[in-house]
Amino acid sequence: MIEEILKSYKKIHPIQINMEGAGFGAIILVTINQLRYCERKNLYPIVCYTTECKNSFLDPTMCGELWEQYFEPVMPMSYGKFREISNQIDLTKHLVKLSSAEAIKVSEEDPDSVYSFPFGKWRSQDLGDLDLWYAKERKKGRETIGKYIKPKIHILQKVDSFYEQHFSNRFVLGVHIRGTDLHYAPVVSPAEYFPHIDSQIEKEPTLKIFLATDQAQYIPVFKKRYGNRIVYSDSFRSDNEIAPFQRTELSPYKKGEDVLLDILLLSKADFLIKGSSNVGEMAMYFNPSLECLDLGYKKQKAFGQSYDKDWDNYTNPPAWQLISKRGLDRIAKDSDSQSLRQLIWYKTRRKAKSLRIYLGKIKQRILSS
């Protein structure tokens, strides 16, 4: 089998990336970009997210590799077959391996990679017409998923069963809203969704709403307004700023399946309303004809924070920390604003945080002396 592969490909590329701290959508995105890297280099890809690759979704009691817990092998040779052959013969000279840092660099810097929203080097560049930029990225994402990525049959059966039970012959509006640890893009509050959902209801009075969210508090907010139109999966949701995949209450496999089911359920909607998130973007990739209204991609400010070139991971708190400081009924008032007080805080936040850390260390030394 190896000889047949090497007749068409230069070498074999085991995709092995340390994705500690990454969500499930991010893992799919990085995989998409590694597959595109293999196409450029004429390499044969085999996804090998084993225990050597730190992540939150590998269940060691299953197949021993994260990807094939949820998806079919991206190529005819599965991870299991690759491991079997590797145990029999030395394949070293036939392999091309990237370090995790090199693989992440491919995903964050290569122009041919897929970008689900402007991050990395793209944040500091003038992207021009954002509609055109997103259309180009979605086209690449859809092409790659259509060519390589197919969920396991038991996953697809769960999706079909859910749709048959809840949405038979109804117009379905998909709504995805991020909370918890979102801090890489502007936050969109529930209240910002309402006028757009109301507009869709005017067009389709009998529609149902499939609501996908990682924040438990958002479910009653939407149900209060839309009643039995709202349908949602039994995914685990967080009640604070800690993302579900970082919680310990459920198994690694369930963490990934919850997200994948929501992605696929959103992808089957007739129309999608979303904010900036890998989950919503992946739904677009899995359904090439799905249209969406993105409420986050042109926002620059949210709850006092500016997501411009001055943005950083270090001092920008996650979505739920920002939103939970105010009542959910009030947050729409400053969802796209930055007052003078907030601007001053934003411009001085790095120094303030560094000073707090410094003073904390001094206090600790005094107490321990």
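Figured I'd write up the structure that's included with this text. Here the structure is a predicted model, which is why all the values come from computation and not from measurement. Along each chain, numbering runs from 1 in the same order as the chain's sequence is written. Selection of residues for local features in this predicted model requires a pLDDT of at least 70, selection of side-chain atom pairs for listing and counting requires 80 or more, and totals for whole chains, interfaces and linings are taken over all residues. Where side-chain values are given, they derive from all heavy atoms of the structure, hydrogens and water being excluded.

## A look at helix 11 (residues 278-286)
- The rule is simple: take the accessible area with a 1.4 Å probe, protein chains only, and divide by the maximum for that residue type; under 20% is buried, over 50% is exposed, in between is partly exposed. A helix here means a DSSP run of H or I that spans at least four residues, while a strand means a run of E at least two residues long, and both kinds are numbered starting from the N terminus. Across the nine residues that make up helix 11, a large majority, nine, are buried.
- Among the residues making up helix 11, those that are buried are Asn278, Val279, Gly280, Glu281, Met282, Ala283, Met284, Tyr285 and Phe286.
- In the core, the buried residues of helix 11 are packed alongside helix 2 (24-41), helix 6 (130-148), strand 3 (172-177), helix 10 (252-267), strand 6 (271-274) and strand 7 (292-294).
- Nitrogen and oxygen atoms within 3.5 Å of one another constitute a polar contact, given that in protein one can donate a hydrogen and the other can accept it, and given that sequence-neighbouring residues count only through two side-chain atoms. Its side-chain oxygen placed 3.1 Å from the backbone nitrogen of Val279, Ser277 serves as the N-cap of helix 11. Contacts were defined at the residue level, with two residues in contact if any of their heavy atoms lie within 4.5 Å.

## Notes on the sheet that holds strand 6
- The criterion for strand pairing is that DSSP finds at least two bridges linking the strands in question. Taking strand neighbours across the sheet as the criterion, the five strands line up as 5-4-3-6-7 in an open arrangement whose pairing is parallel. Whereas interior strands pair on both sides, the edge strands pair on one side only; in this sheet they are strand 5 (230-231) and strand 7.
- Alignment of strand 4 (residues 208-213) against strand 5, held across two bridges, turns out to be parallel. Within the sheet, the bridge partner assigned to Phe210 lies in strand 5 and is Val231.

## Some thoughts on the pairing of strand 1 (residues 11-15)
- Burial runs high along strand 1: four of the five residues are buried.
- Here strand 1 pairs with strand 2 (residues 43-47) via five bridges, running parallel. When the bridges of strand 2 are listed, Lys11 appears paired with Leu43.
- Following the backbone out of strand 1, through helix 2 and into the adjacent parallel strand 2, one traces a crossover that is right-handed. Seen with its strands pointing away from the viewer, a crossover is right-handed if its path from the first strand over the helix to the second goes clockwise.

## Notes on the layout of surface pockets
- Looking at the largest pocket, its volume works out to about 1,000 Å³.
- Secondary-structure elements contributing two or more residues to the lining of the largest pocket are helix 2, helix 5 (100-109), strand 4, helix 10 and helix 11.
- Classifying every residue of the lining of the largest pocket by side-chain character gives 20 nonpolar, 14 polar and eight charged. The distinction between a cavity and a pocket rests on a 1 Å grid over the protein atoms alone: a 1.4 Å probe fits inside a cavity but cannot get out, while a pocket stays open yet meets protein on both sides within 12 Å along at least five of seven lines, and a residue with an atom within 4 Å of a point counts as lining. Grid points are joined across faces, edges and corners, and a volume is the space filled by probe spheres set on the points. Note that Gly is not counted as nonpolar here; it falls among the polar residues with everything else outside the nonpolar set of Ala, Val, Leu, Ile, Met, Phe, Trp, Tyr, Cys and Pro and the charged set of Asp, Glu, Lys and Arg.

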